[in-house]
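Letter by letter, the chains look like this.
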Amino acid sequence: MTQDELKQAVAQAAADYVAQNAPAGSIIGVGTGSTANFFIDALAPLKDRYQGAVASSEATRQRLESHGITVLDLNDVADIPVYVDGADEIDAGLNMIKGGGGALTREKIVAAVAKTFVCIADGSKLVEVMGKFPLPVEVIPMASAHVARELLKLGGTPVLRAGFVTDNGNLILDVKDLAITDPKGLEAQINQITGVVTNGLFALRPANVLLLGTAEGVKSIV
């Protein structure tokens with residue numbers, strides 16, 4: 001199977017999971033990225049079952065609306081039974097690196113509200129130790145140089161994501177050369193740096209379920 005076929009398979013499995021676990025009339029959290037886009041496409045035939053969705057980015061909002069799915073502001077939503085999103089890397093503890101698409105802050109906010117976080121990924125994203133994929137860190141623009149210096153002290157090599165501004169008007173530093181053996185500790189440590197909005201480690205709030213696309217089919221890992 002191609003990578004896109006694996007992504008389509010896990011996206012359909014996620015739509016099936018939502019149908020089984022999110023009550024009719026509920027609101028679904030939807031992530032950002034290529035795998036999440038496949039999930040939106042798979043969710044579209046079920047749109048009349050749900051009140052609508054909360055989007056983690058402007059790109060996701062536009063794709064949802066193109067399918068006629070109502071998009072709600074998170075401030076108007078008290079309960080999200082299921083949030084579905086991809087990952088750039090995920091480990092056996094279901095800790096993740098996210099933010100390759102630059103939507104990490106809004107993704108983290110929606111994940112914080114959701115009762116169940118379902119990660120959808122192809123088999124290449126499952127790793128023993130995270131860090132080969134550069135860790136995104138969203139920063140206030142005036143603090144980017146300061147934050148970069150602090151990240152260097154942690155052993156990483158921060159690189160400004162050229163020509164990119166987040167939906168929140170901030171910048172992204174992509175941190176290379178990390179071997180993340182304590183994802184919860186590192187997530188907390190980086191978030192303490194003044195000027196950091198948040199970083200792409202989802203360890204303090206990891207996934208609850210991983211739907212992993214493999215050549216043998218979709219595996220469910222909890």
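I will try to describe carefully the structure that is included in this document. As the structure is a prediction and not an experimental result, all values here were calculated from the model.

This part is about the overall build of the protein chain. Looking only at helices and strands, the protein chain has six helices and 13 strands in total. In terms of overall size, the protein chain behaves like a compact globule, its C-alpha atoms giving a radius of gyration of 17 Å where 222 residues would be expected to give roughly 17 Å. Structurally, the protein chain occupies a C-alpha span of about 50 × 40 × 30 Å along its principal axes. Looking at the protein chain as a whole, 52% of its 222 residues are labelled buried.

With that settled, consider the sheet that holds strand E13 (residues 217-221). Pairing is mixed in the open sheet, where six strands are placed in the order E2-E1-E3-E6-E12-E13. Since the sheet does not close on itself, it has two edges, and those belong to strand E2 (52-55) and E13, each with one partner. Between one strand axis and the next, the sheet turns by 20 degrees as a mean value, whatever way the strands run. Two strands pair when backbone bridges link them, and strand E12 (residues 209-214) and E13 are joined in this way by five bridges, in the antiparallel orientation. Within E13, the residue paired with Leu-212 across the bridge is Lys-219. The sheet strands contacting helix H2 (residues 34-43) are strand E1 (27-30), strand E3 (80-85) and strand E6 (114-122), and the helix crosses E1 at an angle near 155 degrees.

Turning our attention to the environment of Leu-211. As for its placement among the helices and strands, Leu-211 is situated in strand E12. Linking Leu-211 and Asn-199, residues 12 residues apart in sequence, is a C-alpha distance of 23 Å. Here Leu-211 is in contact with Val-10, Ala-13, Ala-14, Val-118, Cys-119, Ile-120, Ala-121, Val-218, Lys-219 and Ser-220, once residues within four sequence places are set aside.

For the coordinates displayed, the defined rule picks out two cavities of 30 Å³ or more. In terms of lining residues, the largest cavity is bounded by Ser-56, Gly-102, Ala-103, Leu-104, Thr-105, Arg-106, Glu-138, Thr-166, Asp-167 and Asn-168. With three residues, helix H4 (residues 104-113) is the single largest residue contributor to the lining of the largest cavity. Of the residues that constitute the lining of the largest cavity, the class distribution is two nonpolar, five polar and three charged. A volume near 30 Å³ is recorded for the second largest cavity. Surrounding the second largest cavity, Leu-151, Leu-154, Gly-156, Val-175, Leu-178, Leu-186 and Ile-190 form its lining.

The rules behind these values
Residues numbered from 1 in each chain as written. Predicted model: local features only at pLDDT ≥ 70, side-chain atom pairs only at ≥ 80, totals over all residues. Heavy atoms only, no water. Helix = DSSP H or I, 4+ residues; strand = E, 2+ residues; numbered from the N terminus. Rg over C-alpha atoms; globule rule 2.2 N^0.38 Å. Buried < 20%, exposed > 50% of the residue type's maximum accessible area, 1.4 Å probe, protein only. Pairing = 2+ DSSP bridges. Axes fitted to C-alpha atoms, helices over the stretch in contact; angles between N-to-C directions. Contact = heavy atoms within 4.5 Å. 1 Å grid on protein atoms, 1.4 Å probe; cavity = no way out; pocket = protein on both sides within 12 Å on 5 of 7 lines; lining within 4 Å. Points joined across faces, edges and corners; volume = space filled by probe spheres on them. Nonpolar A, V, L, I, M, F, W, Y, C, P; charged D, E, K, R; others polar.

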